[in-house]
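Coordinate analysis (summary)
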Amino acid sequence: MGRYVIRRVLQFIPTVLGTMFLLHYLTSLGIQLTGNPVRALFGDRTPTPAMMAALSERLNLNDPCLTQTGNPCIGLFGDRLVNIAQWDFGISLSGQREVTDIIGAALPYTVRIALIAFVFEAVVGVLAGVLAGLRSGGFIDYFVKISTTLIIAVPIFVLGIVIREFVAVKFGNQLRADPNFPEIISRGFLAAGYKPEYPWASLVIPGLVLGATSLAVTARLTRTSMVENVRADYVRTARAKGLLPRRITGVHTLRNSLIPVVTSLGVDLGVLMGGAVVTETIFNVPGIGRVAAQSARTGDASVVIGIVTLAALIFLVANLLVDILYAVLDPRIRYE
Amino acid sequence: MTDAPNKIGEVVLETHGLRKHYPLTQGIVFKKQVGAVRAVDGVDIQLRRGETLGVVGESGCGKSTLARLLVGLEAPTEGTIMLKGKDLSTVSHRDMRAVRRNIQMVMQDPYTSLNPRMTVGDIIGEPFDIHPEVVPKKGRMTRVRELIDLVGLNADHINRYPHQFSGGQRQRIGIARALALNPEIIICDEPVSALDVSIQAQVVNLLERLQEEFGLAYVFIAHDLSVVRHIADRVAVMYLGKVIETGNEDEIYEHTTHPYSQALLSAVPVPDPSLRGRRTQIILEGDVPSPANPPSGCRFRTRCWKAQEICALEEPPLTVRPGSDHPSACHFAEEKEVIGAVS
Amino acid sequence: MSDLLPSATADQPALQGPTSESTGTSGGNASLWSDARKQLIRNPIFVLSSLYILVVGSMAIFPTLWTDQDPRDCLISRSRQPPQDGHPFGFNILGCDYYSHAIYGAQPSLSIAIGATVGIVLIGGILGLLAGYYGGWADTIISRVVDIFLSLPFLLGALVFLTVVKVQNILTITMVLVILGWTTIARVMRGAVLSAKNLDYVLAARSLGAGNVRIMLRHILPNAVAPVTVLATIALGSFVAAEATLTFLGVGLQPPEESWGIMITDHQVYFLEAPWLLIFPTTLLIGTVLSFILMGDALRDALDPKMR
Amino acid sequence: ACSSSSETPTPGTTNGGTGAATGAQGGDLRIYASEPAFLLPTAGDDEPSILVIRQLYRGLVKYNAETGEAEMDLAESIESSDQKNWTVKLKPGYTFENGEPVNSDAFIRAWNYAAYSPNAQNNAYFMSRIAGIDDMTSSDPDGDGPKTAPEPKAKELSGLKKVSDTEFTVELSEPFAAFPVTMGYSGFFPMADACIKDTKVCNETPIGNGPYKIDGKWEHNVGVTLVRSDTWKGDEKGMADKLSYKIYADVDAGYAAYQAGEIDVMYTIPPARYKEAKAQYGDLMYEAPGDSFTYVGLPLYRDEYKDKRVRQALSLAIDRQPIIDAVFDGRFTAATGFVAPTFEGFRPDVCKYCKQDVAKAKQLLQEAGGWKSGKMTLWANAGAGHEKWLQAVGDQIKAALGIDYDIRVNLQFPEYLATADAKKFTGPFRLGWGPDYPVIETYLKPLYGTGASSNNSTYANPDFDKLITEGDSAANVEEAIAKYQAAEDILGEDIPVIPMWFSKTAALYSSNVDKFVWNKISDAEYGKITLKQK
Amino acid sequence: MTTETSVKSPSTARFLSQLDMTAPPLEVRNLHVLFHTTSGKAHAVNGMNFVLDQGETRAILGESGSGKSVTAQAIMGILDSPPAEITHGEILYRGVDLLKLSDEDRRRVRANHIAMIFQDALSALNPVFTVGFQLGELYRKHRGMSRQASKAKAVELLDMVKIPAAKQRVNDFPHQFSGGMRQRVMIAMALALEPEILIADEPTTALDVTVQAQVMDLLSELQREHNMSLILITHDMGVVADVADSISVMYAGRVVEDAPVGDIYARPAHPYTKALLESIPRVDLKGQQLSVIKGLPPVLTNIPPGCAFHPRCRFAQDNCKVPPEPPHYDVDVNRIAACHYWREVIDS
Ligand SMILES: Nc1ncnc2c1ncn2[C@@H]1O[C@H](COP(=O)(O)OP(=O)(O)OP(=O)(O)O)[C@@H](O)[C@H]1O
Ligand SMILES: Nc1ncnc2c1ncn2[C@@H]1O[C@H](COP(=O)(O)OP(=O)(O)OP(=O)(O)O)[C@@H](O)[C@H]1O
Ligand SMILES: [Mg+2]
Ligand SMILES: [Mg+2]
């Protein structure tokens, strides 16, 4: 087991380096193509060259390779790696804050919303999938099939905006008009966006929106997996053993059916952590997705690199954990 | 097909010290070899024109690996394969194509050995695409039809897909494909194991008829000793990558001398209830050891009731021993009647 | 050998249809495609989805078939007028006929989706095939590259890529979708090839002396196509939606291009005031995505013997 | 009430900025905000930053909420005889939150800090009139980014001289009559020594000298909370006990929060929701003319725009109001000149070519020899929603003059600005301008002065430059304005840019708000807004 | 968690009281099972009849697809329905029709009274639980034993089926066992609650001959020890000859011949049985001629009318080709054959 983990960790180093280089190259290329982002800070007012130089230096944007289109800026990448190894991701363009601070401040929100989304996805998705899979071809099966397809088909931002306007604002206002209604629901759950007073409750709806697509995918995967497993030979054995149907499904079928689901869930956790761009923007959650979207638009390279590197790392770690979990859940997998 | 000499003739296929070891590797960056699965570990066989060599043995003893080596799907780790006196390892890449035409294969599972997306015509005609020199383009269709006809299928079904046929019929398609290049040798890797008893005979009979007609030589691999007895002229018994006893059919089935062969034969159930309870069955203990870590000396000693000290120290060579007229790899080779033996 | 003749005639019963034994066995059920076709034609969901796609596709290819109005013939004074005679979808902000916009908007949306799908199938397919078939170093390198691209979150990755390539047109958006999307196909392809390459019939072909190219093209590819096809249809649908989402994030297609994504994004804020401006393009888009997904679903069921 | 507000004040809510505070103190005012860039006066130059800084800090001068006139705040007086050398006298007794006195040093240190280029403070720009600025900035020896810029020659502005704790002198490079008026800008606010010593900390937990102080620290992307300061000695005490700035990344999300009753004041409205908001919250909406200017610049460096008749024709082809109505729900005031209507010295209809007149446009274009350069490319930066109205402009030009157009709106802002700096626009381009100080000159010299920093059209007219210089050194503001107006008239004829519109302020407040106060010059005055007491 | 203590609960007692211990352990009467498939109704079992006596080993023989497993699963009550449907028939366990029992009672019969071994032990054992867990589960759920006690029982069981080092191996997963050992684990599982009837569905088909011999040896030994009745499903005529007392030969879901083991091999009375015997090579006979059963087994959605075997039968006459199907002729005491021409067959 230890060997296996070490092997996987070593395997993931080139991936991480590759990902970081890709991002580094992209942002360098971005600067090479679109010019020094510092310029945008001054807006309509053309800054003096001295100011530009001073700021560029501070932001580490003064490397001459950034003016040569196509130059991969290996030297800069090396510096960057050294810095990152010292937990220094540079500073942001606007506000000139440490990127690590920015991420550190934003991450808790994303973790929370991702957790909510994840729990929602895991619990509801698996439940729906199991119910559908147990009676494939039945009413629940069709219902799950249709509703999940619909969820997948609707672009997430449309879903988010519609929910924000109609559920959080319109419906919420009606509840809020009633002073006897518990505030945690009317002002917490049904908040139009993140509210520091309700650090969890106000993230529930955004979390649900964030988790909706993954939920649909999970439900379908669970269903397929269940359908495959309810006919498995060992389920037949369990029945021949005279076990209760509850136990046959709950222990024998489910355990096996959940193996691929757990894998996909684990990977999803990584995706959720990095994928909240739209939801966080719509529901004003100050997490890394919102920050990343903003920074990408203002060309704040170090922030974007920092966040995407983090997201990629989380994803890879999630993947690694999933692999290990997989081996734990399925004894047939050997750690060669 | 060309001339059809009916009698068993000269040696067409021969192996010397044939070995195939699959490396077991370990390591994170630099993989180092920590051992090997000795799937085939020094096999000498001879096949003559027009004869059938049966190869029997239990699962995992290396039968399929041997088959793959013989048809060139794998390169041997060691040893030589001589095809009509030519050492295959010295044959150039270009000549290999021509050589290969001489030796073809029929696979075990008729369901997986045919490409589900190709028609029967395409499957049987594929050898001609690969070796266009065999049949001129114009004649191909006729040739394919001939082949289909030859194996007893309806030539009108040339455009059907494999799944539209039953297992036995599919196995015939596989045989037709193997016959397409006019080979002299066909390696059959458990060609009837996957078939229902009632269909098995159809295929066995077909193989026998084709041998008679074209003077084909078969290496017939099976774990069903009854079928091997029926079809083979000579038999090699394999255990853990080695041939432990070989001889003609009669020598092996009636005068077997190796304890493993004896156990194997005694275990075969005989469809005759009158023998019930009167047969001596040798029930072996334990399982076949791992080919990655075979026992020292005689490989069978861990399950052998005759085993003594020497068996662990010295590997018995496959030679003819006194009191017997065929080679056997046992220090204590001794004839014993096992089949239908009544105690 | 008298048994040969009768058995030739005895083929008949087996040929009446798929034999019962062929359902249970692993033998990669074969005529998959013809069977699937039969099953699909009988599947109303599939038929409806295809019809819908046909309609939308014809909008994209022959917009003049559907409207003779010029979508860029705008009169600002007609801004945001509701649906009316001759203008079934009303007018957009700039006072352009919204119906013709919706028709012409199909083309960029579908071009991106189809282009990206073709791209991921080609790139992912080829790389997956090579990785799976050759293994070893090729596999290691390709798999690592797959890991790298897979670890980029889709939207974040697209944001980064699209802000770097300053031009956001059909081509670049398609390329970015391909860059971020090919990995799934490559993985599935690699898996399919890995499982196919040691199948007996591949070994059989090799023992006949078939070369690598022949084995890949004739034997492995056709059998890996099914999962890839299914995935591709689903990807197609998600790309239609992705175009809209990228536009929402401000890195999608740029005006004066008119795509459904732009239509939705531009008008989402008006959905209380002028709901039709949001509803029409969204319905068209969701319908398309849904149709592709449902087609993919139906295909999967039809192609998977286990689901029958 | 503010003169130009079309709304009649509803009973109970006094609209506009009546200077004297009438309501009671108390309550928590929840404010819609965007993430500030900085909370340092020397660095914050964006609206979100300034709206917070103005409650934390106070400067020499403040603007009257109602009239917009500059009044002395911390300064006792600011005087000059030659408009070049100014003497500033301070009121005594003011302190920073940490107890440091607000004396001459507090201002000099802040301005030096801002001006010193290695500090890279955004408001360095505003120090550029003070003598000695050139020595505070090091210029590029090789022009294209050396490894490190050389140290500037000086660390302190030679034009700043401390006389006593309550008096200092400012020497300008050139005379500038409006200098005292500009002192109300937050970039000139004083800073404590402790703050300069560690600006990083001071940015997160500012050490202010204003009516409010920070509560806790700045929670990035989430909010900033201010509470009333006990050390503030000024007369305008903060009204609400607490100002809670809630940070939104997306104005639509903020509006949703307002609708859900989570926000008391919203200083802006999503453009597309204006109509709806007005219908729904009309009596809670404050509207006033604003001062940010949107124009379509014309690349005078290209031959086809050199003839002023072409420029006049283009401007005449555009009907601004329908565009404003359609795209912005009427949220702008169509421009008829180059100066914001809120400014002293504003005159309507300075531009004779800013009302649509297709016939005249055609005629002018004809006279200029017609349009020969094929498609006209309209430029705007990406992602800011400019493409819609620009298309409408294109449509109108096309309809009026038959000039077909295409638009390029794919450049992100940095690259767009770089294109502007490099004079590489191939056609009319959208840009905007916000005033730096409440003098109309702020709309003129930076945009149209020969070689001026933001003169993206490369307009050059010696007559114009001369009038501006005369205005700058005029004896008093009134005289100066007259000169500036003359300069504006030149623009009205030359049309170096096509003026499009000026913003209109539309702010929303909730029914919790008792009295809403809006400053003509410095926008929302959160400290003066009172809440209904329960 | 509910534990179902089958020993003393009143409902168990009620069920036990219904049993008629003088009746044969199992009797299947006119059982019909069909599957609803996309290509129509597949008649997998069409009138299955047999009686299993105390201590008897009855072999059910037939080629692939003849309905052997379906019959066994119908007896166990573990057919998936849908798609399966039992349309007719009775399955009498000690005189009680299992098909009429409540789900609860039906469940109790399994493992306690009738147990089953499956062909492919690898897939029949749950891959994610240890062997000990799967064995112990029976004791925990049916006998209400503790985790500890059930584990000890599991070790005992493994010992019983001669798995070396049972104490350690009880914590292993199924894939860690060899094929023969897995099958022995299956046997242990079936015997755990000491059922009266054991159904073994091709228990050795996947095994090598030497291992097959080990397993069959063990199975017979345990059967004798526990005095169980055994239904042995197989298509291996050799295995049947070795262990069975009587044989039911199935073709297209129907018993075509039912006889004591000796009679069938000596003088088959049904042409199918006869052809089957002639088509298999024998290890003890040299150079024998293999005869061939021409044609293919019937498609179950489209079974030939009359005698289902007639298209492949060399004895077939016109009356074989039309309904009704041939009745079960009494060939001898304890011996029946479903062929109009059984006399000719027996004599040929
Ligand atoms: N590619 C391979 N890599 C590693 N080991 C292999 C490989 N192929 C076969 N082996 C091992 O070699 C041994 C012999 O395998 P082979 O397939 O030849 O056996 P077999 O006699 O054909 O068995 P069966 O009767 O089950 O077909 C087995 O232990 C097998 O696990
Ligand atoms: N779930 C099912 N759905 C449809 N048909 C089925 C199903 N299960 C079994 N059948 C069909 O019922 C028939 C009898 O199957 P059964 O498994 O009893 O055969 P068998 O005699 O046990 O064969 P084998 O020797 O291959 O195990 C077969 O034709 C099979 O295809
Ligand atoms: Mg094999
Ligand atoms: Mg079966």
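Per an unreviewed UniProt entry, chain E goes by Oligopeptide/dipeptide ABC transporter, ATPase subunit and derives from Intrasporangium calvum. The Subcellular location (unreviewed entry) comment attached to chain E in UniProt states, word for word, "Cell membrane". Comment text from UniProt for chain E, heading Sequence similarities (unreviewed entry), reads "Belongs to the ABC transporter superfamily."

Let us now look at the side chain of Gln485 of chain D. Residue and element names in this part refer to chain D. Along the chain, Gln485 falls in helix 16 (residues 477-494). Among the polar contacts listed, one links the side chain of Gln485 to the backbone oxygen of Gly345, at a separation of 2.7 Å. Those residues in contact with Gln485, other than ones at most four positions away along the chain, are Gly345, Phe346, Arg347 and Ile440.

One turn of an α-helix holds 3.6 residues; hence residues three or four places apart share an orientation. In terms of residue burial, helix 9 (residues 259-267) of chain B counts as a mostly covered element, since 9 of its 9 residues are buried. Elements in contact with the buried residues of helix 9 of chain B: strand 4 (52-56), helix 7 (225-231), strand 10 (234-239), strand 11 (242-248) and helix 8 (249-254) of chain B together with helix 9 (209-226) of chain E.

This part covers the pattern of salt bridges. Using the criterion set out here, one finds 90 salt bridges over all chains in the structure. The partner of Glu10 of chain B in a salt bridge is Arg49 of chain B, and the shortest N-O contact between them spans 2.9 Å. Highlighted residues: Glu10 of chain B in the segment before strand 1 (11-26) and Arg49 of chain B in the loop between strand 3 (46-48) and strand 4, separated in sequence by 39 residues. Of the residues examined, Glu10 of chain B reaches a relative accessible area of 41% and is grouped as partly exposed. Residue class for Arg49 of chain B comes out buried when judged on its relative accessible area of 18%. With a shortest N-O distance of 2.6 Å, Arg107 of chain E and Glu104 of chain E are connected by a salt bridge. Taken as a pair, Arg107 of chain E and Glu104 of chain E lie in helix 3 (residues 103-112) at a separation of 3 residues, close to a single helical turn. Since its relative accessible area comes to 35%, Glu104 of chain E is described here as partly exposed.

This part is about the site of ligand 2. Residues and elements named next belong to chain E. Within the structure, ligand 2 sits among 14 residues, and Ser64, Gly65, Ser69, Val70 and Glu202 are positioned closest to it. Taking Gly65, its main chain carries an N or O atom lying 2.8 Å from an oxygen atom of ligand 2. A distance of 3.3 Å separates an oxygen atom of ligand 2 from a polar backbone atom of Ser66. Relative to its unbound accessible surface of 630 Å², ligand 2 loses 70% to contact with the protein. Residue assignment for the shell around ligand 2 shows that the elements contributing at least two residues are strand 1 (26-37) and helix 2 (68-76). Broken down by element, the shell around ligand 2 gets its largest block of residues, 3 residues, from helix 2. Considered class by class, the residues forming the shell around ligand 2 number 5 nonpolar, 6 polar and 3 charged.

Between chain E and chain B, the residue contacts involve 44 residues of the former and 42 residues of the latter. Together, the buried faces of chain E and chain B total about 3,500 Å²; carbon and sulfur atoms form 58% of this surface. By the criterion of area lost to chain B, the three top residues of chain E are Thr210, Asp242 and Val283 of chain E, representing 19% of everything that side buries. Connecting chain E to chain B are 1 salt bridge. Between Asp272 of chain B and Arg282 of chain E there is a salt bridge, with its nearest N and O atoms 3.6 Å apart. Along the contact surface separating chain E from chain B lie 9 residue pairs in polar contact (both at pLDDT 80 or more).

Turning our attention to the packing of aromatic side chains. Any two aromatic rings considered together are summarised by their centre-to-centre distance and by the angle between their planes. Per the counting criterion, the structure on display carries 52 aromatic pairs over all chains. With centroids separated by 4.7 Å and ring planes inclined at 80 degrees, the aromatic side chains of Phe328 of chain D and Phe332 of chain D adopt a geometry described as edge-to-face. Phe332 of chain D carries the same exposure label as Phe328 of chain D, and that label is buried. Pairwise contacts between aromatic rings join Phe107, Trp111, Tyr125, Phe126, Phe168, Tyr185 and Phe188 of chain D into one cluster. Its end group placed over the ring of Phe177 of chain E, Arg169 of chain E keeps NZ or CZ at 4.3 Å from the ring centre.

Before going further, it helps to examine the site of ligand 1. Residue and element names in this part refer to chain B. Taken together, the neighbourhood of ligand 1 is formed by 14 residues, with Ser59, Gly60, Lys63, Ser64 and Thr65 sitting nearest. At 3.4 Å from an oxygen atom of ligand 1 is found a side-chain nitrogen or oxygen belonging to Glu190. Ranked by the residues each element gives to the shell around ligand 1, the list is headed by helix 1 (residues 63-70), at 4 residues. Here the shell around ligand 1 is built from residues that sort into 5 nonpolar, 5 polar and 4 charged.

So, about the arrangement of the chains. Kept free of each other, chain B and chain D leave a smallest C-alpha distance of 40 Å between them. These two, chain D and chain E, are apart from each other, with no contact and a minimum C-alpha gap of 47 Å.

Residues and elements named next belong to chain C. Between helix 10 (residues 170-197) and helix 12 (residues 212-248), the least distance of the axes is 9 Å, while the angle of their chain directions is 160 degrees. Relative to helix 12, the element helix 10 is oriented roughly antiparallel. Considering only the axes of helix 10 and helix 12, their crossing is right-handed. Residue-level inspection shows Ile173, Leu177, Thr184, Ile185, Val188, Met189, Ala192, Val193, Ala196 and Lys197 of helix 10 in contact with helix 12, the latter providing Ile220, Leu221, Ala224, Pro227, Val228, Leu231, Ala232, Phe239, Ala242 and Leu246.

Here is what the cut-offs are and how they apply
Residues numbered from 1 in each chain as written. Chains lettered and ligands numbered in written order. Predicted model: local features only at pLDDT ≥ 70, side-chain atom pairs only at ≥ 80, totals over all residues. Heavy atoms only, no water. UniProt positions renumbered as here; feature names shortened; annotations may be inferred. Helix = DSSP H or I, 4+ residues; strand = E, 2+ residues; numbered from the N terminus. Polar contact = N/O pair within 3.5 Å; in protein donor to acceptor, adjacent residues only side chain to side chain. Contact = heavy atoms within 4.5 Å. Buried < 20%, exposed > 50% of the residue type's maximum accessible area, 1.4 Å probe, protein only. Salt bridge = Lys/Arg side-chain N within 4 Å of Asp/Glu carboxyl O. Near = heavy atom within 4 Å. Areas by Shrake-Rupley, 256 points an atom, 1.4 Å probe, with all protein chains shown as cover. Nonpolar A, V, L, I, M, F, W, Y, C, P; charged D, E, K, R; others polar. Buried area = accessible area lost by both parts, 1.4 Å probe. Phe/Tyr/Trp six-rings, centres within 6.5 Å; stacked < 30°, edge-to-face > 60°. Lys NZ or Arg CZ within 6 Å of the ring centre and 35° of its normal. Axes fitted to C-alpha atoms, helices over the stretch in contact; angles between N-to-C directions. Parallel < 35°, antiparallel > 145°, perpendicular 65-115°, else oblique. Left-handed = near helix turned anticlockwise from the far one by under 90°.

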